[in-house]
Amino acid sequence: MSTENLPQSPEQPPRKPRVAVVFGGRSSEHGISVVTAGAVLKAIDRTKYDVLPIGITQDGRWALTADAPERMAIIDRRQPSVDLLAESDEGGVVLPVDPSNREVVYSEPGSVPKALGEVDVVFPVLHGPYGEDGTLQGLLELSGVPYVGSGVLASAVGQDKDYMKRVFTSFGLKVGPYLVIRPREWQQDEQGARKRIVDFAGEHGWPLFVKPARAGSSIGITKVDDLSGLDEAIAEAQRHDPKILVEAALRGREIECGVLEFEDGPRASVPAEIPPPDAHAYYDFEAKYIDSTPGIVPAPLTPEETAEVQRLAVDAFEAASCEGLVRADFFLTEDGEFVINEINTMPGFTPISMYPQMWQASGVSYPELVDRLIQAALHRSTGLR
């Protein structure tokens, strides 16, 4: 019997890649991560991707959240939180730990677990410990799920400013004078550790910057002008991280540069300059996110200075074995030398953040930037590479 005239079953359209945007987290940068997630969710092309928002509460619960970017903004100087977005106070999302199975499951106490479908790629927009520092990246490697951004080692190096500076120095990048006080040193000889800091100030002068070694968004950082403010600054840094970093103040201009991985390798954006904020002692959390102190894009540099900072930004990306994206922060000292301060493997990613602004000025729009990062992750395998 001929089947020529029978109705044909229409072919099923190919499934769109599913992107899990993971945000929030247990660090002190929880709120900024939620803001970043709102911007990313708004920018993702829904005709091209299915999206699954997953928020991590400050106590570590993985929650299914509303896909509501408009609720993920700083309003009246108050930061958003995953708890306010979670669809349940008790339900939890579980990622697979079997590389052969990418199905995400949602469960609530007393209910049958519900399959949410497979995830093809994770876009982790967490900032700080328990997310940006290689911990989440390690989980995703075990699960065999591709993800946006750097791997375990680069993420850990990018989070720990002590080892970051050691890596940069070993690759010939210049860093400023600094001192590290580890928790055991502080616990065993607090007086001796404090004396090391005072001696460091005697060698390099005041002011000093005292900061958590493994935090970002300028949280926990204090500019210390003299000995009287030192103990309070140490206590504030230790509130965020038992390991603290003490840096000498560098006289110069703050210059930032974005790095994005293209098919032919990493490229640098036009650089930006962060001018001294009028209402703040330095470019702190309030200046960045609450008062939104604007940067200058592109930075007013000579062509030679621009080329040099772009080269150094890519060198820093390569030195730490980064992938996907990085924002590299420098000081241009009064004698014309670029000194690298740090890199961020998942920089602030709101439309007003410096990283997207630098790429916008370089010809890559915010939606295109998000799409390029997702596509790069989809084409990159997990595991050793």
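Rules used in this analysis
Residues numbered from 1 in each chain as written. Predicted model: local features only at pLDDT ≥ 70, side-chain atom pairs only at ≥ 80, totals over all residues. Heavy atoms only, no water. Disulfide = S-S within 2.5 Å. Buried < 20%, exposed > 50% of the residue type's maximum accessible area, 1.4 Å probe, protein only. Salt bridge = Lys/Arg side-chain N within 4 Å of Asp/Glu carboxyl O. Helix = DSSP H or I, 4+ residues; strand = E, 2+ residues; numbered from the N terminus. Contact = heavy atoms within 4.5 Å. Pairing = 2+ DSSP bridges. Axes fitted to C-alpha atoms, helices over the stretch in contact; angles between N-to-C directions. Phe/Tyr/Trp six-rings, centres within 6.5 Å; stacked < 30°, edge-to-face > 60°. Lys NZ or Arg CZ within 6 Å of the ring centre and 35° of its normal.

With respect to the state of the cysteines
No. 1: In the structure shown here, the tally under the stated rule is zero disulfides.
No. 2: There is no disulfide at C257, and the cysteine sulfur nearest it, in C322, is 13 Å away.
No. 3: For C257, a relative accessible area of 0% gives the class buried.

Remarks on the pattern of salt bridges
No. 1: For the structure on display, the rule yields 29 salt bridges.
No. 2: Put simply, D120 and R15 hold a salt bridge, and the shortest N to O gap is 2.9 Å. Taken together, the residues D120 in the loop between strand 6 (114-118) and strand 7 (121-124) and R15 in the segment before strand 1 (18-24) connect sequence positions 105 residues apart.
No. 3: Taken together, the salt bridges that share partners define one network made up of E141, E261, E323, R380 and R385.

Notes on the environment of P177
No. 1: By the element assignment, P177 lies in the loop between helix 4 (161-170) and strand 8 (178-181).
No. 2: Counting along the chain gives 69 residues from P177 to V246, while the straight-line C-alpha distance between them is 8.7 Å.

Some points on the side chain of K211
No. 1: With respect to the secondary-structure elements, K211 resides in strand 9 (residues 208-212).
No. 2: Note on K211: relative accessible area 6%, which makes it buried.
No. 3: Every residue in contact with K211, bar those within four places of it in the chain, is listed here: K161, G220, I221, A237, I244, L245, E247 and N341.

Focus: the sheet that holds strand 7
No. 1: Taking strand neighbours across the sheet as the criterion, the four strands line up as 3-2-1-7 in an open arrangement whose pairing is mixed. Sheet topology places strand 3 (62-64) and strand 7 at the edges, where each strand pairs with a single neighbour. Neighbouring strand axes in the sheet, compared pairwise and without regard to direction, differ in orientation by 30° on average.
No. 2: Where strand 1 meets strand 2 (residues 50-56), seven bridges bridge the pair, whose relative direction is parallel. Bridge pairing in strand 2 places A20 opposite L52.
No. 3: Packing of helix 1 (residues 30-43) onto the sheet brings it into contact with strand 1, strand 2 and strand 7, and relative to strand 1 it is tilted by some 155°.

Topic: the packing of aromatic side chains
Within a pair of aromatic rings, the relevant descriptors are the distance that separates the centres and the angle that separates the planes.
No. 1: Within the structure shown, the criterion is met by five aromatic pairs.
No. 2: Here F123 and F349 contribute two aromatic rings whose centre-to-centre distance is 6.2 Å and whose plane-to-plane angle is 70°, an arrangement assigned as edge-to-face. Taken together, the residues F123 in strand 7 and F349 in the loop between strand 16 (338-344) and helix 10 (354-361) connect sequence positions 226 residues apart. With respect to burial, F123 and F349 carry one shared label: buried.
No. 3: For the ring pair F330 and F338, a centre distance of 6.2 Å and an interplane angle of 80° mean the geometry is edge-to-face. In this pair, the class of F330 matches that of F338, namely buried.
No. 4: Through pairs of rings, three or more aromatic residues link up here, namely F123, F349, Y355 and Y366.
No. 5: Over the aromatic face of Y130 sits the side chain of R26, whose NZ or CZ is 4.0 Å from the ring centroid.
No. 6: Residue placement shows K165 over the ring face of Y178; its charged tip is 5.5 Å from the ring centre.

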